[in-house]
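# Observations on the three-dimensional arrangement
Read off the chains here:
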Amino acid sequence: VAPDRATWDPQDESFSRISRWCVSSIRSDTTRIDYQYQDWGSGFQTVSSISYGGGDSSAHKWKIVFEWEDRPDVTESYQSGTLVRQTKRLRAIEVKALASSELRIRRYQLGYDQSSDSGVSRVTSIQEFGTADTAALPPYTFSYPSASQPGWNAALSSGLNEDNEFVVIPASLEGDSVGLYRGVT
């Protein structure tokens, strides 16, 4: 991962093993978006928060916080000749209002299982909470056929009635079918 600098000096040895550039901010005349990252070691980084809604970082009105957890199915790959160990998976996303303190507006909690066929983590549920964990909508749930039952049998259950017109788009990733949704109208 590249150091957070605006210029690149090919003689600087700290740039010799850059595997990716992570954007730190996006600015326009009237607003700015700031990104923060967590370095988990072994070349693996994740976004930890995104702040936005103000002309500079001290004036931001909103913050999205990403919570990560250890994953049981650590994967290894190489990027630009560097070993990258993916050791985390997304546990939750919180949306916060920034005032004199951070106030939680929403929380999205993810649930997982592991494929009995491949051992890969799969999202099984996403549940939306309000300002506290006591107020929640029914979770969106996902199920997957096994490799012994191939096909496009992706199922999605939202706890919503049929008037919400859920659109299910099946997809397949290395034998595991996944039910993806486009949204609720």
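Before any of the text, the structure's been laid out above.
In this text, all values refer to a predicted model and were calculated from it rather than measured experimentally.

Reading the values: the criteria
- Residues numbered from 1 in each chain as written.
- Predicted model: local features only at pLDDT ≥ 70, side-chain atom pairs only at ≥ 80, totals over all residues.
- Heavy atoms only, no water.
- Helix = DSSP H or I, 4+ residues; strand = E, 2+ residues; numbered from the N terminus.
- Buried < 20%, exposed > 50% of the residue type's maximum accessible area, 1.4 Å probe, protein only.
- Contact = heavy atoms within 4.5 Å.
- Areas by Shrake-Rupley, 256 points an atom, 1.4 Å probe, with all protein chains shown as cover.
- Pairing = 2+ DSSP bridges.
- Polar contact = N/O pair within 3.5 Å; in protein donor to acceptor, adjacent residues only side chain to side chain.
- Phe/Tyr/Trp six-rings, centres within 6.5 Å; stacked < 30°, edge-to-face > 60°.
- Lys NZ or Arg CZ within 6 Å of the ring centre and 35° of its normal.
- Core = buried A, V, L, I, M, F, W, Y, C linked by side-chain atoms within 4.5 Å.
- Salt bridge = Lys/Arg side-chain N within 4 Å of Asp/Glu carboxyl O.

## Topic: the overall build of the protein chain
Assigned secondary structure in the protein chain consists of zero helices and 11 strands. If you list the helices and strands of the protein chain from N to C, you get β-β-β-β-β-β-β-β-β-β-β. For the protein chain, the proportion of its 185 residues judged to be buried stands at 31%. Counting only contacts in the protein chain whose residues sit at least 6 apart along the sequence, the fraction spanning at least 24 positions is 28%. Per element, the accessible surface of the protein chain, about 11,600 Å² overall, is 50% carbon and sulfur.

## Structural notes on the pairing of strand β7 (residues 121-129)
Sheet topology places strand β6 (residues 102-114) next to β7; eight bridges connect them, and they run antiparallel. Bridged to L110 within β7 is I126. Between β6 and β7, which pair antiparallel and follow one another directly, the connecting turn spans six residues, one of which, G119, has a positive phi of 80°. Where β7 meets strand β8 (residues 140-143), two bridges bridge the pair, whose relative direction is antiparallel. Along β8, the bridge assignment pairs I126 with Y140.

## Things to note about the side chain of K88
One can find K88 in strand β5 (residues 82-98). Judged by relative accessible area, which is 13%, K88 ranks as buried. A polar atom in the side chain of K88 sits 2.3 Å from the side chain of D70.

## Focus on the packing of aromatic side chains
The final tally for this structure, using the stated rule, is zero aromatic pairs. The ring of Y112 carries the charged tip of R89 above its face, separated from the ring centre by 4.1 Å.

## Let's talk about the nonpolar core
The biggest cluster of nonpolar side chains holds 10 residues, and these are Y35, I50, I64, F66, L90, L110, I126, Y140, F142 and Y144. Of all the secondary-structure elements, those providing two or more residues to this core are β4 (62-79) and β8. Here L90 is in contact with F66, E67, W68, L110 and Y112, once residues within four sequence places are set aside.

## Here's the deal with the side chain of T124
Here T124 shows up in strand β7. Classification of T124 by relative accessible area gives buried; the value is 19%. Only 3.5 Å separates the side chain of T124 from the backbone nitrogen of Y112, close enough to count as a polar contact. Residues contacting T124, with those up to four places away along its chain left out, are G111, Y112, D113, Y140, T141 and F142.

## Considerations on the pattern of salt bridges
Considering all chains together, one arrives at 15 salt bridges under this definition. Of the charged contacts, one joins R104 and D133 as a salt bridge, the two residues approaching to 2.9 Å between their closest N and O atoms. Within this pair, whereas R104 is found in strand β6, its partner D133 is found in the loop between β7 and β8, the two being separated by 29 residues in sequence. The exposure class assigned to R104 is buried, which follows from its relative accessible area of 13%.

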